[in-house]
Amino acid sequence: MIALLDGNNFYASCERVFQPRLVGRPLVVLSNNDGCAIARSEEAKALGIKMGAPWFQIRHLEREAGLVALSANFELYGDMSERMMSLAAGLGHRQEVYSIDECFVDLDGIPGDLALRARQIRTRILQWLGIPTCMGIGPTKTLAKLANHIAKCAERKPGSYPPHHAQVCHLGAMTEGERNALLAATEVGEVWGVGRRLGAQLRQAGIHSAMDLARADPATVQRRWSIVLAKTVRELGGTACLDLDDIPSDKQQIACTRSFGQPVTEAHELAQALSTFAARAAHKLRAQNSHAGQLMAFIRTSPFRKQDPQYSAYRICPLPEPTSDTALLTQAALAVLRAIYRPGYHYAKAGVMLLDLQSASAQQLRLALDEPGEGASPAGPPRERSRLMQALDSINQRHGRGTLQLASAGTAHPPQPARWTMRQERRTPGYTTRWDGLAVAKERA
DNA sequence: TCTGGGGTCCTAGGACCC
DNA sequence: TCTGGGGTCCTAGGACCC
């Protein structure tokens, strides 16, 4: 059996832990730049706020319905996530952290009543961390996901499923008839791996519920759609096709892209933004001990501003040899910028992607046929560069991101807000991640 | 005025190989 | 009339996930 645990309205729940006054009130967490709603409390959902709703379209609810909106505080959510995952790991022997608020746990070899155990872990996470969760248990990942969906709906939407499945739903501990009834009551679009497009196509083909899909012929599904969907069909039938991935593999690409707080027109502003993004991506790259063989950078105007002239361009820059050096990657990003920048546009977004990633420990060195020093890098001897990057990372780790950076990323210290930096007007403190953000239990008199 | 960010996997088709 | 056979690698685009 496999369990899937996820945090309810995770970002909103994280904020409520430190601001209990928000409990019971409609609450949304906004994307970067306070652009749109990316998490909603149950009360906010009840107001009809959709996932991804632009803030400017729903902000009237602040006044009319007491809606509270906060800027996303990803540092806090990441830290809360780690705490939740370490508690969830107690469920079984192997855990796959699937996203910031979800994990699969392998329950094979765990004796006793699994649903009871799940409820105990759930209670512990609620008590120790303050985050409400739901759990689904099933013989495959897809069924565990489905069970989790049922557990959530049974709790929130009375009448959708039998109430005893609320919070914890164990598909492996019920009769076939009971399980089939639950699958038949579930829209096919709710199945993991069925998105909007596939959902519409399946309904057109007369497949409306999860039960219909489970009963479909995998070979036919594979011919008509894809092997991915055929696996989903088998998984719904109880045959495991997706392994638990408990040892995360290295990323194949690393990106840092941002929408700007305000439109940007000048090349030097874009250069500062791209420098910052390249440095951040390079840091992630070093964290997984990889090198990048290629770098992609792009700049673009806003597709939402239809009255403005539109421009979007990117270029891929092959690197002379794979590297994770911030200076070399920044150089490449700025070279791309020089090639694609056109004056006269209101740029709204830019980004850097690192591609062709490979292990740093198995590096293919360049054969230096026509160069003075063997293996010489334009920035200096590779080993010293590597130590320089280690020093950079440890200083920034200790004193905070942006303490030490390249001059091309901006020279003001502390870094000043610029047109390209994010708007985050409603950000809460780093309650668990910064000394100056510690929650105050009681003010001194 | 105002619309997020970061990933994965699969497929079809073309280039190229012997 | 008749135009091989079998394979790999790469890329762009589509679909999905949270």
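Source: prediction; values computed, not measured. (Residues numbered from 1 in each chain as written. Chains lettered and ligands numbered in written order. Predicted model: local features only at pLDDT ≥ 70, side-chain atom pairs only at ≥ 80, totals over all residues. Heavy atoms only, no water.)

1. Topic: the environment of A216
Looking at where A216 falls in the secondary structure, it is placed in the loop between α10 (210–215) and α11 (218–224). Since its relative accessible area comes to 17%, A216 is described here as buried. Between the C-alpha atoms of A216 and A333, which are 117 residues apart in sequence, the distance is 49 Å. For A216, the contacting residues outside a window of four places in its chain are I207, V221 and V233. (Helix = DSSP H or I, 4+ residues; strand = E, 2+ residues; numbered from the N terminus. Buried < 20%, exposed > 50% of the residue type's maximum accessible area, 1.4 Å probe, protein only. Contact = heavy atoms within 4.5 Å.)

2. What to know about the sheet that holds strand β4 (residues 68–71)
Spatial strand order, β3-β2-β4: three strands in an open sheet with mixed pairing. Looking at the sheet topology across the chains shown, the edges are occupied by β3 (37–40) and β4. Pairwise comparison of adjacent strand axes, ignoring direction, gives a mean angle of 30 degrees for this sheet. Bridge count for strand β2 (residues 27–30) against β4 is four bridges, and the pairing is parallel. Bridging across to β4, V29 finds its partner in L70. (Pairing = 2+ DSSP bridges. Axes fitted to C-alpha atoms, helices over the stretch in contact; angles between N-to-C directions.)

3. Topic: the sheet that holds strand β11 (residues 312–323)
If you trace the four strands from one edge of the open sheet to the other, you get β9-β12-β10-β11, paired in antiparallel fashion. Two strands close off the open sheet at either side, each with one partner strand: β9 (254–264) and β11. Along the sheet, successive strands turn relative to each other by an average axial angle of 15 degrees, direction set aside. Both β9 and strand β12 (residues 347–359) contribute to a ladder of seven bridges, which runs antiparallel. Note on β12: the bridge partner recorded for I254 is L354. Most of the contacts of helix α13 (residues 267–287) go to β9, to which it runs at about 155 degrees, and overall it touches β9, β10 (290–301), β11 and β12. The strands touched by helix α14 (residues 326–340) are β10, β11 and β12; relative to β11, the strand with the most contacts, the crossing angle is about 150 degrees.

4. Here's the deal with the protein's contact with DNA strand C
Neighbouring DNA strand C are 13 residues; S99, K145, G193, R197 and L198 lie closest to it. Counting only atoms of DNA strand C within 4 Å of the protein, the fraction found in sugar and phosphate groups is 100%. Between S99 and DNA strand C, the recorded distance is 3.0 Å, taken from a side-chain N or O atom to a sugar or linking oxygen. In the model, a phosphate oxygen of DNA strand C is placed 2.8 Å from a nitrogen or oxygen of the K145 side chain. Those elements that provide at least two residues to the surface near DNA strand C are β5 (94–99) and α9 (196–204). Counting residues per element, the surface near DNA strand C draws most heavily on α9, at three residues. Grouping the amino acids of the surface near DNA strand C by side-chain chemistry returns five nonpolar, three polar and five charged. (Near = heavy atom within 4 Å. Polar contact = N/O pair within 3.5 Å; in protein donor to acceptor, adjacent residues only side chain to side chain. Nonpolar A, V, L, I, M, F, W, Y, C, P; charged D, E, K, R; others polar.)

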